[in-house]
Amino acid sequence: MGMREIKIYPDPVLRETCGKVTEFGSALKSLTTDMALTMYASSGIGLAASQIGVLERVAVVDVSAKQHERLIIINPEIVWTQGAIPSEEGCLSIPEFREIIQRKEHIVLQAQDEKGKDFELQASGILAICIQHEVDHLNGVLFIDHLSRLKRDFFKKWHRKQALEQNE
Ligand code: ZN
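If you're wondering where the values come from, they're calculated on a predicted model, not measured in any experiment. (Residues numbered from 1 in each chain as written. Predicted model: local features only at pLDDT ≥ 70, side-chain atom pairs only at ≥ 80, totals over all residues. Heavy atoms only, no water.)

## Quick word on the pattern of salt bridges
Formally: Salt bridges are identified by distance alone: a Lys or Arg side-chain nitrogen within 4 Å of an Asp or Glu carboxyl oxygen. Strands are runs of DSSP state E lasting at least two residues, helices are runs of H or I lasting at least four, and both sets are numbered from the N terminus onward. When a residue's accessible area, from a 1.4 Å probe over protein chains only, is under 20% of the maximum for its type it is buried; when over 50% it is exposed; and in between it is partly exposed.
Using the criterion set out here, one finds nine salt bridges in the structure. Taking the shortest distance from any N to any O, the salt bridge between Glu99 and Lys151 comes out at 3.4 Å. Here Glu99, found in strand β4 (residues 94–112), pairs with Lys151, found in helix α3 (residues 149–167); they are 52 residues apart in sequence, far enough to count as distant. On the basis of relative accessible area, Glu99 is assigned to the buried category, the value being 17%. Look at Lys151 and you get partly exposed, because its relative accessible area is 31%. Bridged by salt links that share partners, the residues Arg15, Asp145 and Arg152 form one connected network.

Here it is, written out as structure tokens:
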């Protein structure tokens, strides 16, 4: 299929919980290929399947400077966390809004690869942050949900203004 359309907040699909992947075949392969293509073309460092309207537990991540270290995570579970770190985040589904939230500094991730093989990954810093952001997406959670009430109100005002401007 190629490039997919990224769903933009407040599209309700972004609030859906994605279902477990059980088929590790060519359909999954073309989904992850399209997701990587879409992520790179949008200059993102991560993309979850629900962001293109596919409700499956699949995410693509690449936090490398040259974007050549693609990590595909299927049915990811964060099984251990430690520490806290402030993280300035944005989201391809919430264009032009960035804000600082708190994330776990270190994580252990259990997931499957495209062939259904289990793997475990220890991650820290930006990779840990990006994985947390994408796993949230698969549960219908957006980074703005982690904002303090004050900043959340600011976001809502900002978003209302954006929506009005687009309708002018
Ligand atoms: Zn996002």
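## Overview of the environment of Arg15
Quick note on the threshold: Contacts are assigned to residue pairs that have any heavy atoms within 4.5 Å of one another. Polar contacts, as counted here, are pairs of nitrogen or oxygen atoms within 3.5 Å of one another; within protein the pair requires one atom able to donate a hydrogen and one able to accept it, and residues that are adjacent in sequence qualify only if both atoms are side-chain atoms.
Tracing the backbone through its elements, the reader meets Arg15 in the segment before α1 (26–41). Separated by 35 residues in sequence, Arg15 and Ser50 have C-alpha atoms that sit 8.5 Å apart. Residues contacting Arg15, with those up to four places away along its chain left out, are Gly140, Val141, Leu142, Ile144, Asp145 and Arg152. At 2.7 Å, the side chain of Arg15 and the side chain of Asp145 are in polar contact.

## Some points on the sheet that holds strand β2 (residues 58–61)
Quick reminder of the rule: Paired strands are those between which DSSP finds at least two bridges. Helix axes are fitted to C-alpha atoms over the stretch in contact, other axes to C-alpha atoms as well, and angles between N-to-C directions run from 0 to 180 degrees.
In space, the five strands of this open sheet follow the order β1-β2-β3-β4-β5, with antiparallel pairing throughout. Edge strands, defined here as strands with exactly one partner in the open sheet, are β1 (46–48) and β5 (118–124). Each strand of the sheet is rotated relative to its neighbour by a mean of 40°, with strand direction disregarded. As defined by bridge partners, β4 adjoins β5 across seven bridges and the pair is classed as antiparallel. Bridged to His106 within β5 is Ser124. Against the sheet, α1 engages β1, β2 and β3 (71–91), with an angle of about 40° to β2.

## Some thoughts on the packing of aromatic side chains
The test is simple: The pairing test for Phe, Tyr and Trp rings, Trp by its six-membered ring, is centres within 6.5 Å, and the orientation test on the planes gives stacked under 30 degrees, edge-to-face over 60, and tilted for anything in between.
Counted according to the given criterion, the structure contains six aromatic pairs. Seen from their ring centres, Phe97 and Phe154 are 6.4 Å apart, and the 35° between their planes marks the pair as tilted. Residue Phe97 is located in strand β4, and its partner Phe154 is located in helix α3; the two are separated by 57 residues in the primary sequence. Using a relative accessible area of 47% as the deciding quantity, one classes Phe154 as partly exposed. Through a chain of ring-to-ring contacts, the aromatic side chains of Tyr9, Phe97, Phe143, Phe154, Phe155 and Trp158 assemble into a single cluster.

## Quick notes on the coordination of the zinc ion
Quick note on the threshold: Think of the donor list as every N, O and S atom within 2.8 Å of the metal, or within 3.2 Å for Na, K and Ca; water never makes the list, so a site can look incomplete.
Within the protein, the atoms that donate to the zinc ion are Cys91 (SG), His133 (NE2) and His137 (NE2), at distances of 2.0 to 2.3 Å. By relative accessible area, Cys91 is classed as buried at 11%.

## What to know about the environment of Thr81
Tracing the chain through its elements places Thr81 in strand β3. You can call Thr81 partly exposed: its relative accessible area is 36%. Distance from Thr81 to Ala163, taken between C-alpha atoms, is 37 Å for residues 82 residues apart in sequence. When residues no more than four places from it in sequence are discounted, the contact partners of Thr81 are Lys104, His106 and Ile107.

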